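# Examination of the molecular architecture
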Amino acid sequence: MSPARVRPVLAAVAAAVLLLAACRDAPSPPAEPAPEPVRPDWRVAELFAPVGAAGRPVLRDVARCADRWYAVGGLVDPAGETRPAAWSSSDGATWSPLPVRARTFYGRQHVLYAVACRADGMAALGAKTGGVHGNPRTGTWVWRPGGPLREVPAAFELFGGPRAVSASRLAAGPGGWLIAGARAEGAAVWTSPDAEGFVLREAVPGLAGDGRGRTAAYDVAAVRSGWVAVGSLLPPGGTARTPLAWSSADGRAWRRAVLPVPAGAYGAAERVAQLDGGPVAVGPVGDGFAVWRACDGCGRQPSGPADVWQRVGGFGAAGPGVLSVDSLAASGRRLVAVTGDGAQRRLWTSRDSGVSWRPVITPVPMPDGGDTAMVVAVHGEVLLAVTDGGMRSQAWWGVVPDLDR
């Protein structure tokens, strides 16, 4: 190479070296400060035991409707025997037990694990492991003001049998009551006008699995247009899930939507709640938690209720185990979520419909795993949490400080 050609090359190399050095010496942009945790003034709620009952309370779910709070679970005696139990409160601070009327052998041993309510009453899902194969014996319960919480007897294969997988969550709306879960064919629902008896709807096109993979529904919410359920799709031969949402006007016919995730990421939508602006779903994706909101068109005309979703936010980080969303509650534009990371359960809140999130100091440290639980309900500034560390269940209430202060 001639000296005339070498000089420009050397000059270019020198410039690149100087530029690289300048980049290395340039200060990195400051990292975004971690959001300050929210610190509710937690107070223990007084939970009276049912008359004549023995055993410690086990709390599994909470809800609020028509100026009443509800908590469901069971009682566990020193021998490990269980029985269903439920409580109600007008202020979240003092709770009274509801009378319970079981009608079947397994119903008398149920622990109630999901609750939903509306102005005319409350309903719950309960289960007890039993039988030759040790599968959950699941059933439903209904309460009307002034009466007991009654078990609703049903045929064994309504929730059980060889096609059973799960009956996960329960929701109530103007159109009735709906349970979301899964059967052998994939995602399935159970519908009822009054919670006095449910009809199983399985192998429904769009809802159940098909050539695209196996589906499962984990949660459901009543919305203005009917119902929204969330869950996941596991493709044939795959090990990574894709988050899904379904919408229905009547609980019979369903439309499927794939929720957007970053390229190469996978996950599931595990909880959904109805906000003033529409349904919001939360689930683990990649190394954190994603938040999606059904939007009115998103730049194009939607083909049906809650058919178009966009990712609006995210929060949290990966832990030593499997990520999960254990609870999601909404009031106005406020969301409160409980998540698990395999080691610890954490509490989060958002005041802008899920776009930004802040951690919330929990009333007690709560491990993730084993026979532990933490769930929440919210109304305005009042936050209700129930915790179970495996040896003791407690209900807590507190006022959430204004996040703008």
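Our structure's up above, just so we're on the same page.
A brief structural summary.

### Points about the overall build of the protein chain
Helix and strand counts for the protein chain stand at two helices and 30 strands. Here the protein chain holds 405 residues, and the buried ones make up 49% of them. For the protein chain, the share of sequence-separated contacts (at least 6 apart) that also reach a separation of at least 24 residues comes to 49%. Summed over all atoms, the accessible surface of the protein chain reaches about 18600 Å², with 56% contributed by carbon and sulfur.

### Here we look at the pairing of strand S22 (residues 288–294)
The buried count for S22 comes to six of seven residues, which makes it a mostly enclosed element. Between strand S21 (residues 278–285) and S22, which pair antiparallel one after the other, the connecting turn spans two residues, and Gly-286 there sits at a positive phi close to 65°. Pairing geometry for S22 and strand S23 (residues 309–315), over six bridges, is antiparallel. Looking at the pairing, Phe-289 lines up with Phe-315 of S23.

### Overview of the sheet that holds strand S3 (residues 56–65)
Taken in spatial order, the five strands of this open sheet run S2-S6-S5-S4-S3, and their pairing is mixed. With partners counted over all chains shown, the strands left at the sheet margins are strand S2 (46–47) and S3, one partner each. Sheet topology places strand S4 (residues 68–76) next to strand S5 (residues 82–89); eight bridges connect them, and they run antiparallel. Paired with Gly-74 across the two strands is Pro-84, which belongs to S5.

### A look at the sheet that holds strand S18 (residues 242–248)
With antiparallel pairing, the four strands of this open sheet are ordered in space as S16-S17-S18-S19. Of all strands in the sheet, those bounded by a partner on one side alone are strand S16 (214–223) and strand S19 (255–258). Each strand of the sheet is rotated relative to its neighbour by a mean of 25°, with strand direction disregarded. The pairing of S16 with strand S17 (residues 226–234) spans nine bridges and is classified as antiparallel. Along S17, the bridge assignment pairs Ala-221 with Val-228.

### Details of unusual backbone geometry
Of note, the phi angle at Asp-67 is positive, near 65°, even though the residue is not glycine. Here Asp-67 shows up in the loop between S3 and S4. Given the relative accessible area of 55%, Asp-67 is considered exposed. You will see that Ser-353, though not glycine, has its phi angle at about 65°, which is positive. Its place among the elements puts Ser-353 in the loop between strand S26 (345–350) and strand S27 (358–360).

### A look at the pattern of salt bridges
Considering all chains together, one arrives at 19 salt bridges under this definition. The partner of Glu-202 in a salt bridge is Arg-183, with the nearest N and O atoms 3.3 Å apart. With Glu-202 in the loop between strand S15 (199–201) and S16 and Arg-183 in strand S13 (residues 176–183), this residue pair connects regions lying 19 residues apart in the sequence. A cluster of three or more residues bridged by salt bridges with shared partners is formed by Arg-56, Arg-60, Asp-371 and Asp-388.

### Let's talk about the layout of surface pockets
One number sums up the size of the largest pocket: a volume of about 880 Å³. Within the residue set of the lining of the largest pocket, elements represented by two or more residues are S3, strand S8 (111–118), strand S12 (164–173), S16, strand S20 (271–275), strand S24 (324–331) and strand S28 (373–379). For the lining of the largest pocket, the residue count by class is 24 nonpolar, six polar and eight charged. The calculated volume of the second largest pocket comes to roughly 520 Å³. Lining the second largest pocket are 18 residues, with Arg-60, Tyr-113, Arg-271, Asp-326 and Ala-373 sitting closest to its centre. Sorting the residues of the lining of the second largest pocket by element identifies S8, S12, S24 and S28 as the ones contributing at least two each.

### Quick word on the environment of Gly-197
Among the secondary structure elements, Gly-197 is positioned in the loop between strand S14 (186–192) and S15. For Gly-197, a relative accessible area of 34% corresponds to the partly exposed category. It is 8.3 Å that separates the C-alpha atoms of Gly-197 and Pro-153, two residues lying 44 residues apart in sequence. Contacts of Gly-197, omitting those with residues within four sequence positions, involve Val-152, Thr-191 and Ser-192.

Thresholds, definitions, all that
- Every chain begins its residue count from 1, and numbering advances along the sequence as written.
- It should be noted that, the model being predicted, local features are given only for residues of pLDDT at least 70 and side-chain atom pairs only at 80 or more, the latter also being counted only at that level, while totals for whole chains, interfaces and linings use all residues.
- Computation of side-chain values: all heavy atoms of the structure, hydrogens and water removed.
- Runs of H or I in DSSP of at least four residues are treated as helices and runs of E of at least two as strands, each being numbered from the N terminus.
- A simple rule labels every residue: compare its accessible area, found with a 1.4 Å probe on the protein chains alone, to the largest value its type can have, and call it buried under 20%, exposed over 50%, or partly exposed in between.
- We call two residues in contact whenever any of their non-hydrogen atoms come within 4.5 Å of each other.
- Here the open area of atoms and residues is found with the Shrake-Rupley method and a 1.4 Å probe, where only the protein chains shown may cover a residue.
- The pairing criterion for strands is at least two bridges between them, as found by DSSP.
- A fitted line through C-alpha atoms represents every axis, and for helices the fit uses only the stretch in contact; the resulting angles, taken between N-to-C directions, go from 0 to 180 degrees.
- For salt bridges, the criterion is a side-chain nitrogen of Lys or Arg within 4 Å of an Asp or Glu carboxyl oxygen.
- Here a cavity denotes grid points, spaced 1 Å and computed from the protein atoms alone, that fit a 1.4 Å probe unable to get out, and a pocket denotes an open set having protein on both sides within 12 Å along at least 5 of 7 lines; residues with an atom within 4 Å of a point are the lining.
- Grid points are joined across faces, edges and corners, and a volume is the space filled by probe spheres set on the points.
- Residues were grouped as follows: Ala, Val, Leu, Ile, Met, Phe, Trp, Tyr, Cys and Pro as nonpolar; Asp, Glu, Lys and Arg as charged; and all remaining residues, including Gly, as polar.

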